[in-house]
Amino acid sequence: MSYSLVEIQKRLLPDLLPVMQRRYDILQYISLMEPVGRRSLSVSLGLTERILRGEVSLLKEQNLIHIASIGMSLTPEGHEVLEGLQTMMRELSGLNSLEEQIKKRLGVEKVIIVSGDSDESPWVKSELGRASATCMKGMLEGENIIAVTGGTTMAAVAEMLTPELGKDILFVPARGGIGEDVKNQANTICAKMAERAQAKHRVLYVPDQVSSEMYQTIVKEPLIHEVLTLIKSANIVLHGIGDAITMAERRKTSASDLEKLREKKAVSEAFGYYFNEDGEIVHKVHTIGLQLKDIADVEHVIAVAGGASKAKAIRSYMKQDRQNTILITDEGAAKELLLS
């Protein structure tokens, strides 16, 4: 029986692994948030000032970080070391194995897991954003239309986009959004993504939820019809998965509908559809934009959701056939998913 270098290290130097993980986490956090102050770093990573002081001194001596009055940042050498560490740390922490287990359990095309739990460490959401940007970049070829939903996770993805993503991209909102917090609306996020990627975008200024009568009237408007045609032509769909009751309350759902969702034990929400634990649709609101049936024929579908508290919603939504979906999540949600 042969052992890999990582397996040998685990057996002979078990005390080294927690130290490597801690230093990797420090470099990773600085990379995401630079320039960052020591206090912010200490609080975000849950390290005492004394331990962090020692680690920061060592990393500075190794020329991996630069310390200035505005905060700490990685040196070019620090970025190289961090990049080189990523593959090893994924194997050490078991993320590669975890991805395969979740992929088989959910029946999706692919699973990408980032370390940490975004419920406990808000900076992990930025790492979800970076993983999503990297994933999208690998899909781009020729001209692309990317339909994007709203939400805080999608906003985090927007922050991680760069001009290297490519210019032949049109970002479109997957659904209307008037009535939500502006910064979390799909229109706002599309504009931010286009700005960060130096690409183009279109807007869909219509309510998120409408009556069936209003729906029939609005979709006939020429400008709205044009944008809806672009949305339904998207070759990439990027969306979040929401907790049912949280999403319903955020969208100012009526008291009667909220009661209905609770009675039917709704767990997750996506594209205006609410699902129970078995993945059955228990409620649907009239939304203008992508419908659930539309994503079945989309070339690339990326679902992004993290945090242990989202595991139940992720499991619920994935109960339906999601073979063309790539799930990007974090360690917290992934480990919780395996418990069921």
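Residues numbered from 1 in each chain as written. Predicted model: local features only at pLDDT ≥ 70, side-chain atom pairs only at ≥ 80, totals over all residues. Heavy atoms only, no water.

Thoughts on helix α15 (residues 331-338)
And then number 1: Residues Glu331, Gly332, Ala333, Ala334 and Leu337 constitute the buried set of α15.
And then number 2: Contacts made by the buried residues of α15 are with α6 (95-106), β3 (110-114), α14 (311-317) and β13 (325-330). (Buried < 20%, exposed > 50% of the residue type's maximum accessible area, 1.4 Å probe, protein only. Helix = DSSP H or I, 4+ residues; strand = E, 2+ residues; numbered from the N terminus. Contact = heavy atoms within 4.5 Å.)

Regarding the pairing of strand β5 (residues 169-173)
And then number 1: Across the five residues that make up β5, a large majority, five, are buried.
And then number 2: Residues Ile169, Phe171 and Pro173 point to one face of β5 and Leu170 and Val172 to the other, with burial holding for every one of them.
And then number 3: Two strands pair when backbone bridges link them, and strand β4 (residues 144-148) and β5 are joined in this way by five bridges, in the parallel orientation. Looking at the pairing, Ile145 lines up with Leu170 of β5.
And then number 4: Two strands pair when backbone bridges link them, and β5 and strand β6 (residues 200-201) are joined in this way by two bridges, in the parallel orientation. (Pairing = 2+ DSSP bridges.)

A few points about the domain arrangement of the protein chain
And then number 1: Along its sequence, the protein chain is organised into domain 1 (5-90) and domain 2 (95-339).
And then number 2: Put simply, the middle of domain 1 and the middle of domain 2, counted by C-alpha atoms, are 32 Å apart.
And then number 3: Listed as interface residues are nine residues of domain 1 and, on the opposing side, eleven residues of domain 2.
And then number 4: For the pair domain 1 and domain 2, the summed buried area comes to about 960 Å², and 47% of that belongs to carbon and sulfur atoms.
And then number 5: Where domain 1 meets domain 2, there are one salt bridge.
And then number 6: Summed over the shared surface of domain 1 and domain 2, the result is six residue pairs in polar contact (both at pLDDT 80 or more).
And then number 7: Listing elements by their share of the side of domain 1 that touches domain 2, those giving two or more residues are α2 (16-33), α3 (38-45) and α5 (76-92). (Domains from an automatic or database assignment. Buried area = accessible area lost by both parts, 1.4 Å probe. Salt bridge = Lys/Arg side-chain N within 4 Å of Asp/Glu carboxyl O. Polar contact = N/O pair within 3.5 Å; in protein donor to acceptor, adjacent residues only side chain to side chain.)

Observations regarding the nonpolar core
Here is a general trend for soluble globular proteins: nonpolar side chains tend to be buried in one another's company.
And then number 1: In terms of nonpolar packing, the biggest core is built from 56 residues, with Val148, Phe171, Met193, Leu238, Ile302 and Ile328 touching the most fellow members.
And then number 2: A domain split of this core shows at least three residues from each of domain 1 (5-90) and domain 2 (95-339).
And then number 3: Apart from the residues lying within four places of it in its own chain, the contact partners of Leu238 are Met136, Ala147, Val148, Thr149, Met154, Val157, Met193, Ile302 and Val304.
And then number 4: Of all hydrophobic cores here, the second largest spans 45 residues; its members include Val219, Ala303, Ile314 and Leu337. (Core = buried A, V, L, I, M, F, W, Y, C linked by side-chain atoms within 4.5 Å.)

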